[in-house]
Amino acid sequence: MIVFELAAASIRMSAPLLYASLGELLGEKAGVVNISLEGAMLVSAFAGTVATLACGNLWLGLAASVAAGMLFLAAFAALTVALACDQILVGTAMNLVAFGLTGLLYRERFGASGAALTLPIFPPVRVPLLADLPFVGPLLFEHNLLVYGAFLLVPAVHLALHATWPGLALRAAGEKPETLEAAGYSVRRVRAAALLAQGALAGVAGAYLALAHAGTFVEGLTAGRGFIALAIVVSGRWTAIGVLGVSGTSVAAQFHLQASDLGVPYQFVRMVPYILTLVVLAQVSRARSAAPAALGR
Amino acid sequence: MESTAPASPPDGAPALSMRGVSKRFGELAALADVGLEVKSGEIHALLGENGAGKTTLMNVLYGLVKPDAGRIEIDGRPVALDGPRAARAAGIGMVHQHLALVEPFTVAENLVLDRGPARGGLYRRAVEEAWARELAAGFGLALEPDRRVAELSLGERQRVEIVKALTSGARILVLDEPTTVLTPPEVRDLFVALRELAARGRAVVFISHKLSEVLDICGRITVLRQGVVQGTVAAAATDEQDLARRMVGHSLGGLSRGPRFPVGQARLLEVVELGVDSAAPRPAMNFHVSEGEIVGIAGVEGNGQLEICETLSGMRPARSGTVRLGGRDLTRASPLERARAGLGVIPEDRTQSGVVLEMSVADNLALRAHRRPAFRRGPFRLQSVFDANARELVAKFEVRPPDPDRAIGTLSGGNQQKLLLARELSERPTALVAANPTRGLDVAATEALQNRLLQARAAGMAILLVSTDLDEVLALSDRILVAFRGQLAEVPAEQLDRETVGLMMGGVGFPAAAREEAIRL
Ligand SMILES: Nc1ncnc2c1ncn2[C@@H]1O[C@H](COP(=O)(O)OP(=O)(O)O)[C@@H](O)[C@H]1O
Ligand SMILES: [Mg+2]
């Protein structure tokens with residue numbers, strides 16, 4: 001039964017990665033790389049924590065996370081889209097700000113001791129009938145609502161990109177912004193909209209970590225998942241379906257690693273996000289053919 | 001969502017009338033009191049050299065450039081065109097000089113992107129593809145809406161651009177230098193389509209700097225030189241000499257090929273089974289350039305010419321095969337070693353790998369020579385030698401302004417190119433690889449440069465001329481190779497004519513596999 005539980009846990013842990021990487025996908029398809037996705041998630045998780053404690057309502061907490069994510073991305077968009085600053089530099093700076101700010105506010109509010117916070121978490125919701133199926137029932141249909149949302153988001157993002165006109169405009173902004181501009185539309189507006197959507201999704205991802213996964217907030221709660229999401233977008237070849245496949249397998253692999261206990265020192269595990277970022281940047285330049293042509297410009 | 005074409009004009013009013021249009025860019029008067037009148041059903045040429053102001057005038061018309069002065073009337077009604085949207089609503093369609101399609105998109109996606117969302121904002125593939133097919137058919141043009149633009153030839157892409165420009169009901173169609181990227185057969189197809197559109201009552205503005213083309217297709221011709229109109233003439237009442245005089249401002253001397261150097265048996269530049277480093281695998285290439293010979297490589301841009309030039313100059317490693325210069329194997333030599341062995345290079349992107357824009361003319365001219373003992377004393381440069389060298393070359397190649405101390409980046413493109421050629425030729429290379437040496441130059445500068453190449457040939461240099469300008473290749477070359485999708489084929493010696501080379505540029509004479517392959521390397 002242990003395998004079974006691991007599989008169910010994999011599905012649950014894919015959810016925040018899916019939210020984050022689908023958000024990043026929207027941004028990159030529009031031509032903007034946001035390496036401060038990690039920071040956006042962290043800030044959102046903190047905002048969700050504070051709001052949940054203040055109001056005692058998980059949904060208000062989620063709303064606060066989403067608002068924080070959108071605010072964070074609004075700042076990112078203002079710098080990279082409106083002021084055309086370098087995306088990597090802004091992303092790096094905003095990550096540092098996010099780490100510092102959440103750390104500071106956390107200690108300010110909850111004390112340096114790091115006394116364990118306990119938050120309510122989103123409860124599992126059994127899907128009627130389907131949850132009663134043998135094996136698949138408990139595996140697929142006994143999760144919290146945010147998990148279902150994450151998996152429904154995959155086809156939704158795919159369709160939004162390929163079966164709607166705004167999706168067409170978004171992809172054009174990432175492939176050939178001049179053409180979109182010549183057609184009489186504002187590339188900046190399209191990119192800003194894509195980034196705001198990314199902010200909302202990063203917000204849900206951050207909320208998930210605090211309010212559905214950990215049930216607490218600690219400094220560095222996101223633990224590099226924002227960076228992993230960046231890598232997932234690249235390895236998923238910039239498609240929603242690819243993102244689904246890669247997040248599934250990578251989470252499964254992670255659990256496998258943990259379960260098999262290879263005794264990898266903790267310090268090395270901590271390095272993983274940074275190594276992944278390097279891999280991403282190297283891959284972006286190598287995998288040009290699948291990447292949006294105007295990515296990062 | 002776009003408005004339909006304006007109602008038919010009051011009798012007699014031209015479809016388009018621009019009057020007194022002026023535009024300055026800083027010191028430069030790009031347009032000075034320009035007038036242009038185009039009637040419905042007419043194909044009207046806007047003829048002028050590079051930099052004459054043609055694109056600027058059309059950008060004014062399309063609302064992309066705000067003029068300092070001027071009036072625009074469409075069908076006799078004054079209009080204010082403050083952006084592409086307003087221009088389209090007024091019935092203007094534009095095919096830009098650089099094709100602007102989204103390559104990973106299908107044809108239909110490109111057209112819909114430009115048209116704007118359907119009701120509800122959905123993109124329904126089947127519906128939109130049927131719409132695109134019908135739309136194109138309505139203009140007498142055939143399209144395959146479900147194909148990806150990246151897979152289309154440049155001629156097919158242009159057809160998409162034309163349909164795109166006409167989508168919003170344009171009655172005035174502007175094409176900015178539409179033939180530069182096309183093979184001659186594609187140009188013919190384009191002309192058929194344009195005549196058809198004109199016959200259906202549209203006004204067509206055809207921008208070009210090629211005299212023969214303009215005489216071939218246009219009813220009337222407006223000539224622009226340095227932002228000033230040099231008259232509007234009927235094609236039937238003029239000829240190439242007259243047009244050239246108006247366009248350039250003086251008559252041209254013409255090319256002097258001079259006596260043909262007795263081609264030695266010496267194959268100075270020899271390429272054997274060369275495999276270039278490119279994304280897709282390429283068949284190996286074989287060719288040679290003999291002493292006193294110009295070998296032209298013709299072909300539409302992007303058919304592997306860049307890879308060949310970079311491999312020969314040492315900027316790109318060869319995968320396999322051999323490059324020999326005067327019998328010496330240079331396949332793995334660095335660019336510097338090649339230069340020392342006697343290879344001159346005029347690169348495609350002169351501002352990136354040809355000259356250093358921030359450095360002075362004198363320093364740029366000494367970039368190759370400065371290692372020679374004459375140019376230095378120990379590790380120190382001899383400024384007087386740098387200057388003397390520069391003064392001599394600047395005078396010989398008629399560089400304007402003749403100031404060796406200026407940063408080369410402040411000179412016009414034509415003068416930069418003259419300096420580059422001056423530098424390479426002054427090294428007296430055994431062989432020269434010249435990639436599009438006259439691109440962007442005015443007619444007079446082009447002629448001067450081409451004459452220099454012919455002189456070098458007469459002195460025995462082996463020249464590989466890689467050019468997308470078919471006229472240039474035909475005028476200068478002793479033998480011609482055609483590049484098509486990364487492959488080379490030699491044009492038979494007895495068929496060095498426009499027709500044959502043009503067909504080969506479109507893939508005739510190449511293995512079928514090459515023709516089916518995606519066009520992008
Ligand atoms: N945005 C701009 N800023 C400054 N100079 C410009 C600009 N656009 C065009 N020019 C200059 O105006 C002149 C006319 O350019 P253009 O209209 O593109 O010529 P053409 O299309 O006839 O080759 C050129 O000298 C060009 O360098
Ligand atoms: Mg132009």
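What you see is a predicted model, and the numbers here were worked out from it, not measured in a lab.

### Thoughts on the site of ligand 1
Residues and elements named next belong to chain B.
Step number 1: Close contacts around ligand 1 come from F25, L28, A30, E49, N50, G51, A52, G53, K54, T55 and T56, and that covers them all.
Step number 2: In this structure, G51 approaches ligand 1 through a main-chain N or O atom, which is 2.6 Å from an oxygen atom.
Step number 3: At 2.8 Å, a backbone N or O of K54 approaches an oxygen atom of ligand 1.
Step number 4: Computed on the free molecule, ligand 1 has an accessible area of 560 Å², of which 59% lies beneath the protein chains in the complex.
Step number 5: In terms of residues, the shell around ligand 1 owes the most to one element, helix α1 (residues 54–61), which gives 3 residues.

### Description of the sheet that holds strand β13 (residues 293–298) of chain B
Residue and element names in this part refer to chain B.
Step number 1: As summarised here, the arrangement of the 6 strands in space is β16-β19-β20-β13-β21-β22, forming an open sheet in which the pairing is mixed. Each of the sheet's edge strands pairs with one partner strand only, and the pair in question is β16 (343–346) and β22 (487–490). Neighbour to neighbour, the strand axes of the sheet diverge by 20° on average, direction disregarded.
Step number 2: Alignment of strand β21 (residues 479–484) against β22, held across 4 bridges, turns out to be antiparallel. Bridging across to β22, F484 finds its partner in Q487.
Step number 3: The strands touched by helix α14 (residues 413–426) are β16 and β19 (431–435); relative to β16, the strand with the most contacts, the crossing angle is about 175°.

### Description of the packing of helix α2 (residues 37–55) of chain A against helix α4 (residues 87–110) of chain A
Residue and element names in this part refer to chain A.
Step number 1: For the pair α2 and α4, interaxial distance at closest approach is 8 Å and the crossing angle is 20°. Judged by the inter-axis angle, α2 sits roughly parallel to α4. Crossing angle aside, the handedness with which α2 passes α4 is left-handed. Where α2 approaches α4, its residues E38, G39, L42, V43, F46, V50 and L53 are matched on the opposing element by N95, A98, F99, T102, L105, Y106, R109 and F110.

### As for the domain arrangement of chain B
All names here are of chain B.
Step number 1: For chain B, the assigned domains are domain 1 (15–91 + 171–250), domain 2 (101–170) and domain 3 (267–342 + 429–517).
Step number 2: Look at where the C-alpha atoms of domain 1 and domain 3 centre, and you get two points 34 Å apart.
Step number 3: Contacts between the two partners involve 12 residues from domain 1, matched on the other side by 14 residues from domain 3.
Step number 4: Taken together, both faces of the contact between domain 1 and domain 3 bury some 860 Å²; the carbon and sulfur share is 63%.
Step number 5: On the surface where domain 1 and domain 3 come into contact, there are 1 salt bridge.
Step number 6: Between R188 and E499 there is a salt bridge, with the nearest N and O atoms lying 3.8 Å from each other.
Step number 7: The interface formed by domain 1 and domain 3 includes 0 residue pairs in polar contact (both at pLDDT 80 or more).

### Thoughts on the interface of chain B and chain A
Step number 1: Contacts between the two partners involve 23 residues from chain B, matched on the other side by 17 residues from chain A.
Step number 2: Carbon and sulfur atoms make up 61% of the surface buried where chain B meets chain A, a total of about 1600 Å² over both sides.
Step number 3: Per-residue buried area on chain B facing chain A is highest for F105(B), L113(B) and Y123(B); these three make up 33% of the total on that side.
Step number 4: Applying the counting criterion to the chain B and chain A interface returns 1 salt bridge.
Step number 5: Close ionic contact of E109(B) with R171(A) constitutes a salt bridge, the shortest N to O distance being 3.2 Å.
Step number 6: For the interface between chain B and chain A, the tally reads 9 residue pairs in polar contact (both at pLDDT 80 or more).
Step number 7: Listing elements by their share of the side of chain B that touches chain A, those giving two or more residues are α2 (84–89) and α3 (107–115) of chain B.
Step number 8: Residue contributions to the side of chain B that touches chain A peak at 5 residues, all from α3(B).

### Notes on the side chain of T164(A)
Step number 1: Its place among the elements puts T164(A) in the loop between α6 (145–162) and α7 (165–175).
Step number 2: The contacts of T164(A), once residues within four sequence positions are left out, are L159(A), G121(B), L122(B) and Y123(B).

Criteria and thresholds
Residues numbered from 1 in each chain as written. Chains lettered and ligands numbered in written order. Predicted model: local features only at pLDDT ≥ 70, side-chain atom pairs only at ≥ 80, totals over all residues. Heavy atoms only, no water. Near = heavy atom within 4 Å. Polar contact = N/O pair within 3.5 Å; in protein donor to acceptor, adjacent residues only side chain to side chain. Areas by Shrake-Rupley, 256 points an atom, 1.4 Å probe, with all protein chains shown as cover. Helix = DSSP H or I, 4+ residues; strand = E, 2+ residues; numbered from the N terminus. Pairing = 2+ DSSP bridges. Axes fitted to C-alpha atoms, helices over the stretch in contact; angles between N-to-C directions. Contact = heavy atoms within 4.5 Å. Parallel < 35°, antiparallel > 145°, perpendicular 65-115°, else oblique. Left-handed = near helix turned anticlockwise from the far one by under 90°. Domains from an automatic or database assignment. Buried area = accessible area lost by both parts, 1.4 Å probe. Salt bridge = Lys/Arg side-chain N within 4 Å of Asp/Glu carboxyl O.

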